[in-house]
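An overview of the molecular structure
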Amino acid sequence: MAEIYRQGIESGNATFETEVPDWESWDAARSPECRLVAEAGGAVIGYAALSPVSGRCVYGGVREAMIYIAAAARGRGVGGRLLRRLVEESEGHGIWTLQAGIFPENAASIRIFETAGFRILGTHEGLGRFHDGRWRDVVLMERRSGVAGVD
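Below or above, wherever it landed, is the structure these notes cover. As the structure is a prediction and not an experimental result, all values here were calculated from the model. (Residues numbered from 1 in each chain as written. Predicted model: local features only at pLDDT ≥ 70, side-chain atom pairs only at ≥ 80, totals over all residues. Heavy atoms only, no water.)

Right, let's talk about the overall build of the protein chain for a bit. Within the protein chain, the regular secondary structure consists of four helices and six strands. Helices and strands in the protein chain line up, N terminus first, as α-α-β-β-β-α-β-α-β-β. Taking 2.2 N^0.38 as the reference for a compact globule, 151 residues should give roughly 15 Å; the C-alpha atoms of the protein chain span a radius of gyration of 15 Å, in line with that estimate. With the C-alpha coordinates of the protein chain rotated into their principal frame, the extents come out at 45 × 40 × 30 Å. Relative to its full complement of 151 residues, the protein chain shows a buried share of 40%. (Helix = DSSP H or I, 4+ residues; strand = E, 2+ residues; numbered from the N terminus. Rg over C-alpha atoms; globule rule 2.2 N^0.38 Å. Buried < 20%, exposed > 50% of the residue type's maximum accessible area, 1.4 Å probe, protein only.)

Turning next to a nonpolar patch on the surface. A cluster of nonpolar residues, Met-1, Trp-23, Val-37 and Val-44, forms a patch on the protein surface that exposes about 350 Å² of accessible area. By secondary structure assignment, the location of Val-37 is in strand 1 (residues 36–40). Overall, the relative accessible area of 44% leaves Val-37 in the partly exposed class. (Patch = residues over 30% accessible without salt bridge, like charges linked within 9 Å, V, L, I, M, F, W, Y side chains within 5 Å. Areas by Shrake-Rupley, 256 points an atom, 1.4 Å probe, with all protein chains shown as cover. Salt bridge = Lys/Arg side-chain N within 4 Å of Asp/Glu carboxyl O.)

In terms of nonpolar packing, the biggest core is built from 34 residues, with Leu-82, Leu-86, Phe-113, Phe-118 and Met-141 touching the most fellow members. In this view, Leu-86 contacts Cys-34, Leu-36, Ala-48, Ala-49, Leu-50 and Ala-65; residues no more than four positions away in its chain are not counted. (Core = buried A, V, L, I, M, F, W, Y, C linked by side-chain atoms within 4.5 Å. Contact = heavy atoms within 4.5 Å.)

What follows covers the layout of surface pockets. Here the largest pocket defines a volume of roughly 1,100 Å³. Contributing to the lining of the largest pocket are 42 residues, with Ala-14, Ile-67, Tyr-68, Asn-106 and Ser-109 lying nearest its centre. Among the secondary structure elements, those contributing two or more residues to the lining of the largest pocket are helix 1 (2–11), helix 2 (23–28), strand 3 (62–69), helix 3 (78–92), strand 4 (97–102) and helix 4 (107–115). For the lining of the largest pocket, the element with the most residues is strand 3, which contributes six residues. (1 Å grid on protein atoms, 1.4 Å probe; cavity = no way out; pocket = protein on both sides within 12 Å on 5 of 7 lines; lining within 4 Å. Points joined across faces, edges and corners; volume = space filled by probe spheres on them.)

Bringing unusual backbone geometry into the picture now. At Cys-34, a position not held by glycine, the phi torsion is positive, near 60°. Of note, Cys-34 is situated in the loop between helix 2 and strand 1.

Further remarks concern the packing of aromatic side chains. Applying the stated criterion across every chain yields a total of eight aromatic pairs. With a centroid separation of 5.3 Å and 20° between ring planes, the pair formed by Trp-23 and Trp-26 is classed as stacked. Linking Trp-23 with Trp-26, this pair stays in helix 2, spanning three residues, or about one helical turn. A relative accessible area of 47% places Trp-23 in the partly exposed class. We classify Trp-26 as buried; its relative accessible area is 7%. Here Phe-103 and Phe-130 contribute two aromatic rings whose centre-to-centre distance is 6.0 Å and whose plane-to-plane angle is 90°, an arrangement assigned as edge-to-face. Note that Phe-103 is positioned in the loop between strand 4 and helix 4 and Phe-130 in the loop between strand 5 (119–129) and strand 6 (135–144), a separation of 27 residues in sequence. Summarising the burial analysis for this pair, Phe-103 and Phe-130 share the class buried. Feature note: the residues Tyr-5, Trp-23, Trp-26, Tyr-47 and Tyr-68 constitute an aromatic cluster, connected by ring pairs. (Phe/Tyr/Trp six-rings, centres within 6.5 Å; stacked < 30°, edge-to-face > 60°.)

Moving on, we get to the pattern of salt bridges. Under the defined criterion, the tally for this structure stands at nine salt bridges. The shortest N-O distance in the salt bridge between Glu-10 and Arg-6 comes to 2.3 Å. Separated by four residues within a single helix, Glu-10 and Arg-6 lie in helix 1, roughly one turn from each other. Overall, Glu-10 belongs to the exposed group, its relative accessible area being 57%. Between Arg-85 and Glu-89 there is a salt bridge, with its nearest N and O atoms 2.9 Å apart. With a gap of four residues between them, Arg-85 and Glu-89 both fall in helix 3, about one helical turn apart. Within the structure, one salt-bridge network assembled from shared partners comprises Glu-3, Arg-6 and Glu-10.

On their own, these measurements won't tell you what the molecule is for.
Below you can see the structure in the form of structure tokens.
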């Protein structure tokens, strides 16, 4: 998983982060539920996880979704399968809203999230400064469950 995250960093279009976190830091920042791994030939080729968006109880059913795919496995449908499964499992855990922030240059990820029922809310222009000093936009996406959190 660390190698896949490193590849995401190196792609320049997956994260603002510049270093792969150690396991303890990564684990502490993620929700314990809905952690998925895709394997092929005994090797991990992708993973998906959720992160809380806030510690406030009103946001208890809202998570940020993340998916990372090994460079050699991209374009083979792994991301879409992981995201569909992540949506299903999240609803089973009572999560009513999934959010994602994606660089606009990462058109493939945006398409994968749209296919899984996410909609574009808008773009945060110049949301953060990338490690090379340039300001980067982030496309905000969300998927509201039709099952969890429905009265």
